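Below, each chain spelled out in residue letters.
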Amino acid sequence: QKVALAVLDHLEQLALVDFRDAEGIERLQKAIQFADHLHEVNTDGVEPMDSVLEDRCLYLREDDVTEGNCTKDLLKNAREKVEEYFVAPPGNIPLPKLEERETVLQGS
């Protein structure tokens, strides 16, 4: 099953994943084929779930600060930051133009 160029471009922008080579496109096509098996599962009468653990009580631990006042030291590790926050991911990956990828898609 071929992936349309527009869909590929949209996925790259959303996921920040580069599919410019044939191996990346093949991996995406295999993932789509695997996910297509879910359409074969009969879910009639099955209530949607928020979590597989929704029938259990999840206990949260106390969020106690044991060390502190090290924001400046931590932010020294950031490649890019805005105010006192890490920027993640640090910018979009450079994606090729649609015309450049057509040759890769034709070879897959």
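Rules and cut-offs
- Residues numbered from 1 in each chain as written.
- Predicted model: local features only at pLDDT ≥ 70, side-chain atom pairs only at ≥ 80, totals over all residues.
- Heavy atoms only, no water.
- Helix = DSSP H or I, 4+ residues; strand = E, 2+ residues; numbered from the N terminus.
- Buried < 20%, exposed > 50% of the residue type's maximum accessible area, 1.4 Å probe, protein only.
- Contact = heavy atoms within 4.5 Å.
- Areas by Shrake-Rupley, 256 points an atom, 1.4 Å probe, with all protein chains shown as cover.
- Core = buried A, V, L, I, M, F, W, Y, C linked by side-chain atoms within 4.5 Å.
- Patch = residues over 30% accessible without salt bridge, like charges linked within 9 Å, V, L, I, M, F, W, Y side chains within 5 Å.
- Salt bridge = Lys/Arg side-chain N within 4 Å of Asp/Glu carboxyl O.
- pLDDT = per-residue confidence, 0-100.

### Some points on the overall build of the protein
Phase 1 of the analysis: Within the protein, the secondary structure is distributed over 4 helices and 2 strands.
Phase 2 of the analysis: Along the chain direction, N to C, the helices and strands of the protein fall in the order α-α-α-β-β-α.
Phase 3 of the analysis: Counting every position in the protein, which comprises 108 residues, the buried fraction comes to 12%.
Phase 4 of the analysis: Taking all contacts inside the protein whose residues are at least 6 apart in sequence as the whole, residues at least 24 apart take part in 61%.
Phase 5 of the analysis: Of the roughly 9,800 Å² that the protein leaves accessible, carbon and sulfur atoms contribute 53%.

### Brief notes about the nonpolar core
Phase 1 of the analysis: Judged by nonpolar contacts, Val 3, Leu 8, Phe 19, Ile 25 and Leu 28 together constitute the single largest core of 5 residues.
Phase 2 of the analysis: Look past the residues within four positions of Phe 19 in its chain and what remains in contact with it is Leu 8, Leu 11, Glu 12, Gly 24, Ile 25 and Leu 28.

### Concerning a nonpolar patch on the surface
Phase 1 of the analysis: There is a patch of nonpolar side chains on the surface, built from Met 49, Val 52, Leu 53 and Leu 58 and spanning about 410 Å² of accessible area.
Phase 2 of the analysis: Residue placement: Met 49 occurs in the loop between α2 (22-36) and α3 (71-75).

### What to know about the confidence of the model for the protein
Phase 1 of the analysis: Mean pLDDT for the protein: 78, with 81% of residues reaching 70 or above.
Phase 2 of the analysis: The least confident element of the protein, judged by mean pLDDT, is helix α4 (residues 98-107) at 59; the most confident is α3 at 88.

### Observations concerning the pattern of salt bridges
Any two side chains of opposite charge can pair, given that their charged atoms come close.
Phase 1 of the analysis: The full count for this structure, using the stated rule, is 4 salt bridges.
Phase 2 of the analysis: The partner of Glu 23 in a salt bridge is Arg 27, and the shortest N-O contact between them spans 3.4 Å. In this pair, Glu 23 and Arg 27 are both assigned in helix α2, 4 residues apart and thus about one turn of the helix distant.
Phase 3 of the analysis: Accessibility expressed as a relative area gives 53% for Glu 23, which makes it exposed.
Phase 4 of the analysis: Arg 61 serves as the salt-bridge partner of Asp 63, at 3.9 Å between the closest nitrogen and oxygen. Of the two residues, Asp 63 and Arg 61, neither departs from the other in class, the shared state being exposed.

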